[in-house]
Amino acid sequence: MTMANLNHLLFFFLFLLLSLLGKQSMSDDVVVRVGVVLDLNSTKGEVAKSYILMAVSDFYAVNSNYRTRLSLFIRDSKDDVIGAACADLMKNENVHAIIGPQRTTEAKFVAKLGEKAHVPILSFSATSPFLSPNHHPFFIQTTQDDSAQVKALATLIQAYGWREVITINEDTDYGNDLILCLIDAFQEVDVRLPYRSVISPSSKESDILKELNNLKEMQTRIFLVHMRASLASKFFVLVKNSRMMSEGYAWIMTQGLSSSLDTIDSKVLDSMQGVLGIRPYVQISKGLEDFERRWKTNLTSGKANYKTFGLNLIGLQAYDSIWALAMAVEKANIDNSSFLKQNARESKVDLAAIGVSEIGLRLLNTIASTRFQGLSGKFYLVKGQLKASTFEIFNVIGQTKRIIGYWNTKKGLSKEVDDIYTIAYSVSKDNLKQPSKDNLKQPVWPGDTTNQPKKLRIGVPARDGFNEFIKVEWCPRTNKPKVSGFSIDVFRAVLHMLPFPLPHEFVPYVTKNGQSAGTYDELLYQIKLKNFDAVVGDTTIVANRSSYVDFTLPYSESGVSMVVLMKDNEKNNIWIFLKPLSWELWLAIGAATIFTGLVTWVLEHHVNTKFRGPPDQQIGTIFLFSFATLTSSYREKVVTNLSRFVLIIWAFMVLILTQSYTASLASMLTVQQLKPEFVDVKEIKRNGYFVGYHNDSFVRELLIKQFNIDESKLKPYRTPEEYDEALSNGTHNGGVAAIFYEIPYIKLFLSKYGSRYAMVGPIYKTDGFGFAFPRGSPLVSYISRAVLNVTEDTDKMTGIMRKYFESQTTCVDGSAEISTDSPSLGVYSFGGLFIIAGLTSMFSLLIHVVKFLHFHWPTSNIVPAEGSFWLKLIELVKHFYQKDQCSYPFRKNESPLNPKISPDGFGASSSIDDKQNHSRTSSEGADNVDINDDDENL
């Protein structure tokens, strides 16, 4: 045997040995049986199968040293809800894990089978949030469940300022489960779901068209679509045919549909132009690009004209699920695997015959702890669910998906993905800001426009007068309306205070010829008819209107009052000098004057010749002196100190009264020149006078229902000029007696014609001007808070008011009720003075009487003892009436040779006879005595 032959022989034996060793090694591998359940009749199932087969091949090509091997048993679910395929795999194939099924409905049933058999179920496409491991411990979601995307959807809708969204979902567990999560997420950001559209997967085109026509009649133009690709392919074509994929509409797709767009026909994509979608972000890597190339090569190998798709998220998640399971099987150190059999029966779906996997629990725990970087991203399970990652937001343009931004729970919205990954773990102030569309790139909306859909159609009233509140002008070149005025400026200031943008357009409520199309009530009712999304203007908040709209907080105070013509008050001017004092005060002054004059006469009568004489002269003196003291023009001089004391107090009182009278009269003569013709609506109604009101205003119903004014007595007016003409003509000359309207308008009217008219009567309160929105609108709370911020900003409100109501600075405050007469001064105001003057007079009179009785009571003894008391009193009166010659004024003129002055100073004689003679003499010559006492008296 040659050396060459020997070498060949040795090589042959070596090759044989290695072959035997390889076969022995392969025989030592632990084979773990794994079931795969897919709907092989669907595009998604077909694509997922190709990904799964490549995953097994790629994994063991990389990990050829692993001692475990997955053996796949692929079954077609045939859209079977009860999961017969899964039951067959568990019972007859003794699989220890199952990949699939695709649909949520199947997954819910299969999850129970897995729990019974201790077989882990790995689903890469069932996203229902109700498939929680808390309820199904052997069910593992290797995809993000739908609860992860709802926050991203809510943030996206909030960023564009949309407050109402209509959801459209397929009528399956997959479609319905997400909507329940969306309701809670939208409530947190005050987004309202006014309507929910549910479409069956088996619906005919006529049924879908009918539902689309129903949606077209609604105010909301923002739609959120949650359905599978098979139904969406038919749905969006019909949407475009219904002209709902046009300007003014917005369509958003959820994660499931967005992730399946690569499997949708290009003709369907043509009907989805401008649609926004949201899906998990997949970072492009070299490994992913290499896989895509190999996958497309394998898919088209040996198949002519086979249509290829781009990378599919569901397929990538299926790929990662196989890798996770293969890693877990290797880590679990499985030497052998078996099932503990129960009572077996021939039926493939006999659930009672399914055994229990001995390695199921160990395999489940190992899968839950597996971590690696997969093709779809980081594979990291949290409580049996794939941890939520970053979402990308895209815009369908042509056949491509243009990325306009990203979202995650920490950063929120961002234009670039780099901003997402540079976020710090601590929450900064930027993270707490209100989401804004400025953090996204500009999308192209349906209708090939960059104008954001869902502009609020805000109805505004068109009126002829009082344009300071709201004014509608038309551009002659474009024939587009231009709206301005106080109410519009306040609304714009309110929008500036909102934490989100609110696109809007003002639509005048007019007919084709530009005239007002109806009353304010009819304008507000257009909100209920869904012709307007809101009404902005000088709309008053009243109870009956709140039955079909919701008002914001008022931005202006209001109330209803009446304006009347002021008439000249000259016919009463001849008696106006009496009005400063009330009749009671006039009578009190007269009585006090007479009383003071009478007291002075008593004090001066027997010692002062000016207060003596015949009775008629003395009475005249009393009255003349009394009223002369009011003007300090009296000529009679008083000689006693008591009289002087009384007159000093009286002069002080008169000074105060005259000064008060003068001030009051001056005020009446300079201010009270005019008075309103009417001050009470009852007077107008009683006389059957005509009453005016502003046309198209709620005041008409107020006059009829609350004031019970005959409808035939009501006349409508529009402009301040018409108000002026009607009030000037009066009710008997084709005009009206009064015009009822809201106070802001009356103030504006008075600022132009205030010298001739006045606002009178009580104010009938209303809640003021407010902005109107549909019942239950979430915008009401935001707008109301913004209204408070604006109205509390004094500088801002003052600036707006000066812009339109600058001339109102001279207007009298109409909130004060005008009285027919200025208030007269009353007795109570001077009660203290009257008391002081009265007490002074009474005190002086009392002292005089006591002194008189003290010195003249003895003269009454001339009356016989048997005489009565009245005779003594008469005697005293006679003494009082006589001149007291012993008093100081009379003593100055008596002879010094015959003085008869008693020590008491009252001139008492030494004897009763002399006194009687002296009295008679004095009585006879009373009128001839002339005492020159100018130097001794006042």
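Thresholds, definitions, all that
Residues numbered from 1 in each chain as written. Predicted model: local features only at pLDDT ≥ 70, side-chain atom pairs only at ≥ 80, totals over all residues. Heavy atoms only, no water. Helix = DSSP H or I, 4+ residues; strand = E, 2+ residues; numbered from the N terminus. Buried < 20%, exposed > 50% of the residue type's maximum accessible area, 1.4 Å probe, protein only. Areas by Shrake-Rupley, 256 points an atom, 1.4 Å probe, with all protein chains shown as cover. Polar contact = N/O pair within 3.5 Å; in protein donor to acceptor, adjacent residues only side chain to side chain. Contact = heavy atoms within 4.5 Å. Pairing = 2+ DSSP bridges. Arc of directions from axis to C-beta. 1 Å grid on protein atoms, 1.4 Å probe; cavity = no way out; pocket = protein on both sides within 12 Å on 5 of 7 lines; lining within 4 Å. Points joined across faces, edges and corners; volume = space filled by probe spheres on them. Nonpolar A, V, L, I, M, F, W, Y, C, P; charged D, E, K, R; others polar. Salt bridge = Lys/Arg side-chain N within 4 Å of Asp/Glu carboxyl O. Phe/Tyr/Trp six-rings, centres within 6.5 Å; stacked < 30°, edge-to-face > 60°. Lys NZ or Arg CZ within 6 Å of the ring centre and 35° of its normal. Core = buried A, V, L, I, M, F, W, Y, C linked by side-chain atoms within 4.5 Å. Patch = residues over 30% accessible without salt bridge, like charges linked within 9 Å, V, L, I, M, F, W, Y side chains within 5 Å. Axes fitted to C-alpha atoms, helices over the stretch in contact; angles between N-to-C directions. Right-handed = clockwise from strand over helix to strand, strands pointing away. Parallel < 35°, antiparallel > 145°, perpendicular 65-115°, else oblique. Left-handed = near helix turned anticlockwise from the far one by under 90°.

Caption draft 1: View of the overall build of the chain. The helix and strand tally for the chain stands at 29 helices and 31 strands. Expressed as a percentage of the 938 residues in the chain, the buried residues total 50%. In the structure as shown, the chain presents an accessible area of about 45,800 Å², 54% of it carried by carbon and sulfur atoms.

Caption draft 2: Highlighting the side chain of Q149. Positionally, Q149 belongs in helix α5 (residues 147-159). There is a polar contact of 2.8 Å between the side chain of Q149 and the backbone nitrogen of Q255. Apart from residues no more than four positions distant in its own chain, Q149 is found in contact with L178, T254, Q255, I278 and F391.

Caption draft 3: Layout of the pairing of strand β21 (residues 481-484). As paired strands, strand β20 (residues 471-474) and β21 are joined by four bridges and run antiparallel to one another. Bridge pairing in β21 places E473 opposite K482.

Caption draft 4: Local environment of helix α13 (residues 360-368). Those residues of α13 lying buried are G360, L363, L364, T366 and I367. Buried positions in α13, seen along its axis, are confined to an arc of 165° and lie on one side of it. In the core, the buried residues of α13 are packed alongside β3 (97-99), β4 (121-123), β5 (139-141), α12 (313-331), β12 (356-357) and β14 (378-382).

Caption draft 5: Geometry of empty space enclosed by the protein. Under the definition given, this model contains nine cavities of 30 Å³ or more. As a volume, the largest cavity reaches approximately 180 Å³. Forming the walls of the largest cavity are 14 residues, and the residues nearest its centre are R163, E164, K454, L456 and L779. Taken together, the residues that form the lining of the largest cavity break down as seven nonpolar, three polar and four charged.

Caption draft 6: Spotlight on the side chain of D724. Structurally, the position occupied by D724 is in helix α22 (residues 720-729). A relative accessible area of 15% means that D724 is categorised as buried. A polar contact of 3.3 Å, which involves the side chain of D724, links it to the side chain of R756. Looking at D724, its side chain comes within polar contact range of the side chain of Y757, at 2.4 Å. Beyond its immediate chain neighbours, meaning those up to four positions away, D724 contacts F749, Y753, R756 and Y757.

Caption draft 7: Region of interest: the pattern of salt bridges. Tallied over the entire structure, the rule returns 25 salt bridges. For D58, the salt bridge goes to R294, with nearest N and O atoms at 3.0 Å. Linking D58 in helix α2 (residues 43-62) with R294 in helix α11 (residues 286-300), this pair joins segments that are 236 residues apart in sequence. Between K296 and E292 there is a salt bridge, and its shortest N-O distance comes to 3.4 Å. Of this pair, K296 and E292 both sit in helix α11, four residues apart, which is roughly one turn of that helix. Taken together, the shared-partner salt bridges in this structure form one network comprising D58, D290, R293 and R294.

Caption draft 8: The arrangement of the packing of aromatic side chains in detail. Overall, the coordinates contain 42 aromatic pairs when judged by the stated rule. Between the aromatic rings of Y160 and W162, the centroid separation amounts to 5.0 Å while the plane-to-plane angle is 20°, which identifies the pairing as stacked. By relative accessible area, Y160 is classed as buried at 2%. We classify W162 as buried; its relative accessible area is 2%. With a centroid separation of 6.2 Å and an interplanar angle of 15°, the aromatic rings of F223 and Y249 are classed as stacked. On the criterion of sequence distance, the pair formed by F223 in strand β8 (residues 222-226) and Y249 in the loop between α8 (229-241) and β9 (250-253) is long-range, its members being 26 residues apart. Here the basic side chain of R163 rests over the ring of Y782, its NZ or CZ set 4.9 Å away from the ring centre.

Caption draft 9: Geometry of the nonpolar core. F486, L703, F740, F771 and I783 are the most contacted members of the largest nonpolar core, which has 77 residues in total. Excluding anything up to four places from it in sequence, I783 contacts V494, L495, L498, L502, T552, F771 and F773. Formed by 51 residues, the second largest nonpolar core is a distinct cluster that contains M54, Y60, A324 and L375.

Caption draft 10: Expanded view of a nonpolar patch on the surface. A cluster of nonpolar side chains, F130, L180 and I183, forms an exposed patch at the surface whose accessible area comes to about 250 Å². Summarising the element assignment, F130 is placed in the loop between β4 and β5.

Caption draft 11: The arrangement of the sheet that holds strand β17 (residues 400-408) in detail. The mixed open sheet is built from eight strands, whose spatial order is β7-β6-β8-β9-β10-β16-β17-β18. Of all the strands in the sheet, the pair left with one neighbour each is β7 (196-199) and β18 (412-414). Averaged over neighbouring strand pairs, the angle between their axes works out to 25° when direction is ignored. Pairing analysis gives two bridges linking β9 to strand β10 (residues 276-280), with the strands arranged parallel. Note on β10: the bridge partner recorded for I252 is L276. Packed onto the sheet, helix α7 (residues 205-216) meets β6 (166-170), β7 and β8 and runs at close to 170° relative to β7. Helix-sheet contacts for α8 involve β6, β7, β8 and β9, and the interaxial angle to β9 is about 175°.

Caption draft 12: Local environment of the pairing of strand β1 (residues 30-38). With seven of nine residues buried, β1 is to be regarded as a mostly interior element. For the handedness criterion, the β-α-β arrangement of β1, α2 and strand β2 (residues 68-76) is classed as right-handed.

Caption draft 13: Fine view of the environment of I52. Within the fold, I52 resides in helix α2. By relative accessible area, I52 is classed as buried at 1%. Linking I52 and S321, residues 269 residues apart in sequence, is a C-alpha distance of 8.5 Å. Residue contacts for I52: discarding those within four places in its chain leaves V36, L38, L72, I99, F124, A318 and I322.

Caption draft 14: A look at the packing of helix α15 (residues 486-497) against helix α24 (residues 779-792). Between α15 and α24, the shortest axis-to-axis distance is 8 Å and the interhelical angle comes to 110°. Comparing the axis directions of α15 and α24 gives the class roughly perpendicular. Only I783, A786, V787, N789 and V790 of α24 make contact with α15, whose side of the interface consists of A493, V494, L495 and M497. Here the residues of the contact of α15 with α24 sort into eight nonpolar, one polar and no charged.

Caption draft 15: Just unusual backbone geometry, in detail. The linkage connecting G100 with the following residue, P101, adopts the cis geometry, with an omega of -5°. Along the chain, P101 turns up in the loop between β3 and α4 (104-117). Positive phi is not limited to glycine here, since N479 has a value of about 60°. Within the fold, N479 resides in the loop between β20 and β21. Here N479 falls in the exposed class, since its relative accessible area comes to 55%.

Caption draft 16: Summary view of the packing of α12 against α13. Closest axis-to-axis distance for the α12/α13 pair is 9 Å, and the angle between their directions is 120°. Considering the angle they form, α12 stands oblique to α13. The way α12 lies across α13 gives a crossing that is right-handed. Between α12 and α13, the contacting residues are L325, A328, V329 and K331 on the first element and L363, T366 and I367 on the second. Here the contact of α12 with α13 is built from residues that sort into five nonpolar, one polar and one charged.

By themselves, these figures tell us nothing about what the structure is for.
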